[in-house]
Amino acid sequence: MTQIDTNLVNEAAKIYKVLSNSRRISILFFLRNASTEVDVSTISTTLELAQPVVSKQLGILEKYNLVKHHKHGTHVFYFLNDPDVLSMIDAMIEHVEHTAKEHPTNLY
């Protein structure tokens, strides 16, 4: 059996924790489907989330290098930094669709 690098496993677990939030997943999908970089107010309006909520979630996503931003004047524009992470989400959504089973909301 191959030895598993504990550090890599721990880092993967951190990413899954980041992706365990439905608001963050919604923001990632929105950015994937956007034709260009998007400012916070556009994300907030489209997803019907308060601007501070969107800003906080974007900060978390950026901390884990899933999104990046650039400033233009007073506006901050966000874009996906790692579109491959959405393939994990797509696979999980496909799994849920195929199992047609609702999962528990709390694991502990």
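Residues numbered from 1 in each chain as written. Predicted model: local features only at pLDDT ≥ 70, side-chain atom pairs only at ≥ 80, totals over all residues. Heavy atoms only, no water.

A few words on the pairing of strand E3 (residues 75-80). In this structure, strand E1 (residues 38-39) lies alongside E3, joined through two bridges in antiparallel fashion. Bridging from a neighbouring strand, Val38 pairs with Tyr78 of E3. Where strand E2 (residues 67-72) lies against E3, six bridges are found, and the strand directions are antiparallel. Among the inter-strand pairings, Lys68 is bridged to a residue of E3, identified as Phe79. Following E2, the chain reverses through two residues before pairing antiparallel with E3; Gly73 in that reversal takes a positive phi of roughly 70°. (Pairing = 2+ DSSP bridges. Helix = DSSP H or I, 4+ residues; strand = E, 2+ residues; numbered from the N terminus.)

Taking 1.5 Å as the rise per residue, helix H2 (residues 22-33) with twelve residues should run 16 Å; its terminal C-alpha atoms sit 16 Å apart, in good agreement. Burial in H2 covers these residues: Arg24, Ile27, Leu28, Phe29, Phe30 and Leu31. Capping the start of H2 is the job of one residue whose side-chain oxygen sits 2.8 Å from the backbone nitrogen of Arg23: Asn21. (Expected span 1.5 Å × (residues − 1). Buried < 20%, exposed > 50% of the residue type's maximum accessible area, 1.4 Å probe, protein only. Polar contact = N/O pair within 3.5 Å; in protein donor to acceptor, adjacent residues only side chain to side chain.)

Here we come to the packing of H2 against helix H5 (residues 85-99). Viewed as axis vectors pointing N to C, H2 and H5 meet at an angle of 115°, and their least axial separation amounts to 11 Å. The pairing of H2 with H5 is recorded here as roughly perpendicular in orientation. Note that H2 runs across H5; the crossing there is left-handed. Counting all contacts with H2, which are made through Ile25, Leu28, Phe29 and Arg32, the residues of H5 involved are Leu86, Ile89, Asp90 and Ile93. (Axes fitted to C-alpha atoms, helices over the stretch in contact; angles between N-to-C directions. Parallel < 35°, antiparallel > 145°, perpendicular 65-115°, else oblique. Left-handed = near helix turned anticlockwise from the far one by under 90°. Contact = heavy atoms within 4.5 Å.)

Let's shift gears to the side chain of Asp39. On the secondary structure map, Asp39 appears in strand E1. Although Asp39 is buried, it forms no salt bridge, and the closest oppositely charged side chain is Lys71 at an N-O distance of 14 Å. Those residues in contact with Asp39 that sit more than four places away from it in its chain are His75, Val76 and Phe77. (Lys, Arg positive; Asp, Glu negative; His and termini not counted. Salt bridge = Lys/Arg side-chain N within 4 Å of Asp/Glu carboxyl O.)

This part covers the nonpolar core. For soluble globular proteins, nonpolar side chains are generally found buried alongside one another. Leu28, Leu31, Ile43, Leu58 and Val67 are the most contacted members of the largest nonpolar core, which totals 21 residues. Setting aside its immediate chain neighbours within four residues, Ile43 contacts Ile27, Phe30, Leu31, Val38, Glu48, Val54 and Leu58. (Core = buried A, V, L, I, M, F, W, Y, C linked by side-chain atoms within 4.5 Å.)

Further remarks concern the side chain of Gln57. If you trace the backbone, Gln57 turns up in helix H4 (residues 51-63). Owing to a relative accessible area of 6%, Gln57 belongs among the buried residues under this scheme. Apart from residues lying up to four places away in sequence, Gln57 is in contact with Asn21, Arg23, Arg24 and Ile27.

Of note, Asn65 is situated in the loop between H4 and E2. Overall, Asn65 belongs to the partly exposed group, its relative accessible area being 47%. Note: C-alpha distance between Asn65 and Arg23 (42 residues apart in sequence) is 17 Å.

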